[in-house]
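One-letter residues, chain by chain:
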Amino acid sequence: MQPGRRAVSDSGGAETPGPRWQGGGSQHGITHHPSSALLWLTLLLHAGWWEVSLDAFRTWAVAQRPNTSISEHLGPAMLTIKLPQIFRVHQVPRIFWEDGIMSGYRHPKSSALDCVLSSFQMTNETVNIWTHFLPTWYFVWRFLMLSSSLDFCQEPYHWPLLIYLLLVCLYPFASSCAHTFSSMSVRARHICYFCDYGALSLYSLGCAFAYGAYAMPDHWVGGVLHCYFVPVAAFNSFVCTGLSCYSRFPELEHPRLSKVLRTAAFVYPFLYDNIPLFCRLLFCFWSNCTWNEAVAGYCYHLLFALLTGFLFASHLPERLAPGRFDYIGHSHQLFHICAVLGTQFQLEAILCDVCSRRAWLQGRLPAPSLPGTFGTAGLALLGNAAIIGAFTAALPWAPGSFVSPPSVPTEAGCCRDP
């Protein structure tokens, strides 16, 4: 996931001269990692750590076989391991700028290997990558544990939960991949975030499956809204993907419009999906119902969802202190953390409803059908993929799609073509 807005202007200070790329502003050299509290992490992840490790390994290898040359101990690739360079905001095209982020940018034409290696050094995307990559495997682990205790194949009652769990695993993985490979090119950046938006749209559909099957208010079960709740959510996923993908096209010329469109694209399905929760919690407060684990979990989920939306829209704290939170602490990192915590509370609340309301729900509703569950999810997946494909085909007409920076500085101070 990615805010998709331009960076504010630099706050001044002397910098090493270097060529600048499209986007204007003063000329700056290659950035250095921040010191202070991040020094230990920076030293560990920066290129110096690799060099020290390789030197130690070379010494050990020669000691084992002193009559053999080092090139016979180590392959050529190991001898040339080097982490990618990072740049300041005015050294990269404007399409890559982020609000309040002044440094830590990767080369806008990085190779896939450079993108992977950059996740092991401090850039402005490193924490974004790991705050969704690690939770992906946590949710996969939860899914596997639940698969050992629940019969997802033979019990239709658990099919909506299965769809929800699969999409919970998908959206952080897609986000992590998008942040990892978005610096390969302008086109790759758009496509990565198209897929990220599509995964979020499908996750919203997964929430609708789970809420419709297990979290509906008692007096809504079997009603008109309940019958059409999931089909409308599937349609909403198309709207969400289409609007969020389109929002990338006016990003350079009309950044505020782009931000409004993208925010609306995700707020709309969130509000629709949570109608059952809002009503259930309101009725619960009014009637003094029992405060169980599910109700508490949904409250925490909504709280973190509101924090997530606030961070996405406000770009705080980096908006107040540009350059101070480039590597750790900017809004998108906090956005990722709040989103994962909200999903965790949501998952626990849904599991509580799955167990506690099973007998009551099965006595009032027919068993979920294959067309109504996997059929709907499959059509939504194909529809969202088609929308992403259509916007990908339209990328040649997107502003900034043909950015071609002339050169970038090398460590020796010379320039090379990207």
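What counts and what doesn't
- Residues numbered from 1 in each chain as written.
- Predicted model: local features only at pLDDT ≥ 70, side-chain atom pairs only at ≥ 80, totals over all residues.
- Heavy atoms only, no water.
- Helix = DSSP H or I, 4+ residues; strand = E, 2+ residues; numbered from the N terminus.
- Polar contact = N/O pair within 3.5 Å; in protein donor to acceptor, adjacent residues only side chain to side chain.
- Axes fitted to C-alpha atoms, helices over the stretch in contact; angles between N-to-C directions.
- Parallel < 35°, antiparallel > 145°, perpendicular 65-115°, else oblique.
- Left-handed = near helix turned anticlockwise from the far one by under 90°.
- Contact = heavy atoms within 4.5 Å.
- Salt bridge = Lys/Arg side-chain N within 4 Å of Asp/Glu carboxyl O.
- Buried < 20%, exposed > 50% of the residue type's maximum accessible area, 1.4 Å probe, protein only.
- pLDDT = per-residue confidence, 0-100.
- Phe/Tyr/Trp six-rings, centres within 6.5 Å; stacked < 30°, edge-to-face > 60°.
- Lys NZ or Arg CZ within 6 Å of the ring centre and 35° of its normal.
- Core = buried A, V, L, I, M, F, W, Y, C linked by side-chain atoms within 4.5 Å.

Visitor: Help me understand the side chain of His179, please; the structure alone is not making it clear to me.
Guide: Examined against the element boundaries, His179 turns out to sit in helix H7 (residues 159-181). Here Glu125 takes part through its side chain, which lies 2.8 Å from a polar atom of the side chain of His179.

Visitor: Got a minute to help me understand unusual backbone geometry in this structure?
Guide: Keep in mind that most residues, glycine aside, have a negative phi and that most peptide bonds are trans. Cis rather than trans, the peptide bond between Leu316 and Pro317 has omega equal to 15°. Within the secondary structure, Pro317 sits in the loop between helix H12 (293-314) and helix H13 (331-356). Despite not being glycine, His315 has its phi angle at roughly 55°, a positive value. Relative to the elements of secondary structure, His315 occurs in the loop between H12 and H13.

Visitor: Explain the packing of helix H8 (residues 186-215) against helix H15 (residues 371-393) here, please?
Guide: Two quantities define a packed helix pair, namely the angle between the axes and the distance from one axis to the other. The interhelical angle for the contact between H8 and H15, taken along N-to-C directions, is 160°, at an axis separation of 10 Å. It follows that H8 is roughly antiparallel to H15 by the angle criterion. For the element pair H8 and H15, the recorded crossing hand is right-handed. Judged by residue contacts, Arg187, Ile191, Phe194, Cys195, Gly198, Ser201, Leu202, Leu205 and Phe209 of H8 engage Gly372, Thr373, Thr376, Ala377, Ala380, Leu381, Asn384, Ile388, Phe391 and Thr392 from H15.

Visitor: What is the right way to read the pattern of salt bridges from this model?
Guide: For side chains of opposite charge, pairing can occur when their charged atoms come near one another. One pass over the structure, following the stated rule, counts 7 salt bridges. Across the pair Glu348 and Arg142 runs a salt bridge, and its minimum N-O distance is 2.6 Å. One end of the pair, Glu348, is in helix H13; the other, Arg142, is in helix H6 (residues 126-149), with 206 residues separating them in the sequence. Owing to a relative accessible area of 34%, Glu348 belongs among the partly exposed residues under this scheme. Measuring nitrogen to oxygen at the nearest pair gives 2.6 Å for the salt bridge that ties Asp218 to Arg357. Taken together, the residues Asp218 in the loop between H8 and helix H9 (224-246) and Arg357 in the loop between H13 and helix H14 (358-362) connect sequence positions 139 residues apart. By relative accessible area, which is 8% here, Arg357 ends up buried. Several salt bridges share partner residues, and in doing so they unite Arg248, Glu251 and Arg262 into one network.

Visitor: Mind showing me how you'd approach the confidence of the model for the protein chain here?
Guide: Do not read the predicted coordinates in detail wherever pLDDT is low. Across the protein chain, the average pLDDT comes to 83, with 76% of residues at 70 or higher. Overall, residues 404-418 carries pLDDT values under 50, and its contacts beyond four positions in sequence, including any with other chains, amount to 38 contacts.

Visitor: Help me understand the packing of aromatic side chains, please; the structure alone is not making it clear to me.
Guide: Any aromatic ring pair is given by two values, namely how distant the centres are and how the planes are angled relative to each other. Inspection of every chain in the model, using the stated rule, returns 19 aromatic pairs. Between the aromatic rings of Phe120 and Trp130, the centroid separation amounts to 5.7 Å while the plane-to-plane angle is 70°, which identifies the pairing as edge-to-face. Remark: Trp130 occurs in helix H6 and Phe120 occurs in the loop between helix H5 (112-118) and H6; sequence separation between them is 10 residues. Clustering of aromatic rings is evident, with ring pairs tying together Phe120, Trp130, Phe133 and Trp137. Between Lys259 and the ring centre of Phe312, over which it is positioned, the NZ or CZ distance is 3.6 Å.

Visitor: Would you mind showing me how to read the nonpolar core here?
Guide: The tendency in soluble globular proteins is for nonpolar side chains to be buried as a group. Leu161, Tyr164, Leu165, Tyr211, Tyr214, Tyr298 and Ile350 are the most contacted members of the largest nonpolar core, which totals 53 residues. Looking at this core, the elements with two or more residues in it are H6, H7, H8, H9, helix H11 (275-287), H12, H13 and H15. Here this core gets 13 residues from one element, more than from any other, and that element is H8. Excluding anything up to four places from it in sequence, Tyr298 contacts Tyr211, Ala215, Leu277, Arg280, Ala349, Ile350 and Asp353. Core analysis: the next-biggest nonpolar cluster, separate from the first, contains 12 residues, Phe194, Tyr197, Leu395 and Ala398 among them.

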